[in-house]
Amino acid sequence: MWCTKKVSALTGQTFLLVAPEGHQGPALVCADQAGAGPGDRVLVTRGSGARVAAGESIPVDAAVVGIVDRVEQ
């Protein structure tokens, strides 16, 4: 995802479109704090947790904070 016009606080920030597993609806635009890549399963936080992960002055509502290695059932 590329944005040529954005708030200056977002310069250098990587964003990913994340489709939540098992949920209908649109994908989330997430600030990537974990260095995830295409096809990675990721851990996402939203709201104030996302702002803390990205930095208090970064205006985000969702952030990737981890890459999932495995899920045990």
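Scroll up to find the structure this text is about.
Rules used in this analysis
Residues numbered from 1 in each chain as written. Predicted model: local features only at pLDDT ≥ 70, side-chain atom pairs only at ≥ 80, totals over all residues. Heavy atoms only, no water. Helix = DSSP H or I, 4+ residues; strand = E, 2+ residues; numbered from the N terminus. Buried < 20%, exposed > 50% of the residue type's maximum accessible area, 1.4 Å probe, protein only. Contact = heavy atoms within 4.5 Å. Pairing = 2+ DSSP bridges. Axes fitted to C-alpha atoms, helices over the stretch in contact; angles between N-to-C directions.

Right, let's talk about the environment of T14 for a bit. In this structure, T14 sits in the segment before β1 (15-18). By relative accessible area, T14 is classed as partly exposed at 43%. The residues contacting T14, other than those within four sequence positions of it, are C30, A31 and D32.

Read from one edge to the other, the open sheet built from four strands follows the order β1-β2-β4-β3, with strand pairing classed as mixed. A single partner strand is all that each edge strand has here, and the edge strands are β1 and β3 (42-46). Strand-to-strand, the axes of this sheet are offset by a mean angle of 45 degrees, without reference to chain direction. Relative to strand β2 (residues 28-32), β1 is paired through four bridges, and the arrangement is antiparallel. When the sheet's bridge partners are listed, V18 is paired in β2 with L28.

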